[in-house]
Amino acid sequence: RIFRELRFPHSIGLLYSAFTAFLGFEVNEGEYKVMGMAPYGTPRYLDEVWKLVRLSDHGGFRLATEYFSYHYSTHASFTRKFEQLFGSPRDPNAPFVTGEFGDELDRDERLRAQSQHYADIAASIQRVTEELLLALARQLYEETKLPHLCLAGGVAYNSVANGRIISETPFTDVYVQPAAGDSG
């Protein structure tokens, strides 16, 4: 039986995908790159990301749709209002540098500062995604008291969030079905 559902355009996956596009990666292909970029950043933009999401008491949420265009555009995920919060989108062809390798690109301070900005945004959306999933999981556990959780959908591939669900909720087992994305 369905306890509750979130309806389009309110979706953690679409929220994350808007940031995937903003960070210069292909939507529905590059979300893992956002998750991989996040540890290089600090979640400095949490307040800005939370402006996009309104969490409810029962673990659900609604997106502030004025920041997104995916619900009426086939080629754009976010609006100018989104860009006013986070700045210009990352050029998909721009290198991402960390300063760890000491090569010529790493010594380019301007490029390092840009990379850090985008890594901080990635860290921020990753943290908010984790908090949204934790809120949903905690509410589901309160309603069911069942120890096992099965996840599906593309967001279920977010291994960092899954680790937090295992360590920070009463669920004793989390199963991510093998075709967790849209194909499943």
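What you see is a predicted model, and the numbers here were worked out from it, not measured in a lab.

Some details on helix H1 (residues 12–22)
1) Next: Burial within H1 is extensive, with eight of its eleven residues counted as buried.
2) Next: Residues of H1 that are buried include every one of Ile-12, Leu-15, Tyr-16, Ser-17, Ala-18, Phe-19, Thr-20 and Phe-22, and no others.
3) Next: Elements that come into contact with the buried residues of H1 comprise helix H2 (31–37), helix H3 (46–50), strand E1 (53–55), strand E2 (61–63), helix H4 (80–86) and helix H5 (109–144).
4) Next: Capping the start of H1 is the job of one residue whose side-chain oxygen sits 3.2 Å from the backbone nitrogen of Gly-13: Ser-11.

So, the confidence of the model for the protein
1) Next: Summing up the model confidence of the protein, the mean pLDDT is 91 and the portion of residues at 70 or higher is 93%.
2) Next: Mean pLDDT across the elements of the protein ranges from a minimum in E1, with 90, to a maximum in H3, with 98.

Notes on the pattern of salt bridges
1) Next: One pass over the full model with this rule turns up eleven salt bridges.
2) Next: For Arg-164, the salt bridge is made with Glu-130, and the minimal N-O distance between the two is 2.8 Å. You can see Arg-164 sitting in helix H6 (residues 159–168) and its partner Glu-130 sitting in helix H5, a full 34 residues away along the chain. Accessibility classification places Arg-164 together with Glu-130 in one group, the buried group.
3) Next: In the salt-bridge network here, residues are joined through shared partners; they are Glu-130, Glu-131, Arg-138, Arg-164 and Glu-168.

As for the side chain of Thr-169
1) Next: The residue Thr-169 is located in the loop between H6 and strand E4 (173–176) in this model.
2) Next: Thr-169 sits in the buried class, given a relative accessible area of 10%.
3) Next: Polar side-chain contacts of Thr-169 include one of 2.5 Å to the backbone oxygen of Ile-165.
4) Next: Once you skip the residues sitting within four places of it in the chain, Thr-169 turns out to touch Leu-134, Ala-137, Arg-138 and Arg-164.

A word on the packing of H5 against H6
1) Next: Contact geometry for H5 and H6: axes closest at 9 Å, N-to-C directions at 40 degrees. Judged by the inter-axis angle, H5 sits oblique to H6. In this structure, the crossing between H5 and H6 has a hand that is right-handed. For the pair H5 and H6, contact is made by Gln-126, Arg-127, Glu-130, Glu-131, Leu-133, Leu-134, Ala-137 and Arg-138 and by Val-160, Ala-161, Arg-164, Ile-165 and Glu-168, respectively.
2) Next: Of the residues contributing to the contact of H5 with H6, the split by class is six nonpolar, one polar and six charged.

Topic: unusual backbone geometry
1) Next: Backbone torsion omega between Phe-8 and Pro-9 reads 10 degrees, so that peptide bond is classified as cis.
2) Next: Topologically, Pro-9 is positioned in the segment before H1.
3) Next: The backbone of Asn-28 shows a phi angle near 70 degrees, a positive value even though the residue is not glycine.
4) Next: Following the sequence through the fold, Asn-28 ends up in the loop between H1 and H2.
5) Next: Here the phi dihedral of Lys-145 falls at roughly 60 degrees; this positive angle occurs in a residue that is not glycine.
6) Next: In this fold, Lys-145 is placed in the loop between H5 and strand E3 (148–151).

Points about the nonpolar core
1) Next: Formed by 46 residues in total, the largest nonpolar core has its most connected members in Leu-52 and Phe-86.
2) Next: Among the elements of the structure, H1, H2, E2, H4, H5, E3 and H6 are those that each provide at least two residues to this core.
3) Next: Beyond its immediate stretch of four places on either side in the chain, Phe-86 contacts Phe-19, Phe-22, Tyr-45, Glu-48, Val-49, Leu-52, His-117 and Ile-121.

Calculation notes
- Residues numbered from 1 in each chain as written.
- Predicted model: local features only at pLDDT ≥ 70, side-chain atom pairs only at ≥ 80, totals over all residues.
- Heavy atoms only, no water.
- Buried < 20%, exposed > 50% of the residue type's maximum accessible area, 1.4 Å probe, protein only.
- Helix = DSSP H or I, 4+ residues; strand = E, 2+ residues; numbered from the N terminus.
- Contact = heavy atoms within 4.5 Å.
- Polar contact = N/O pair within 3.5 Å; in protein donor to acceptor, adjacent residues only side chain to side chain.
- pLDDT = per-residue confidence, 0-100.
- Salt bridge = Lys/Arg side-chain N within 4 Å of Asp/Glu carboxyl O.
- Axes fitted to C-alpha atoms, helices over the stretch in contact; angles between N-to-C directions.
- Parallel < 35°, antiparallel > 145°, perpendicular 65-115°, else oblique.
- Left-handed = near helix turned anticlockwise from the far one by under 90°.
- Nonpolar A, V, L, I, M, F, W, Y, C, P; charged D, E, K, R; others polar.
- Core = buried A, V, L, I, M, F, W, Y, C linked by side-chain atoms within 4.5 Å.

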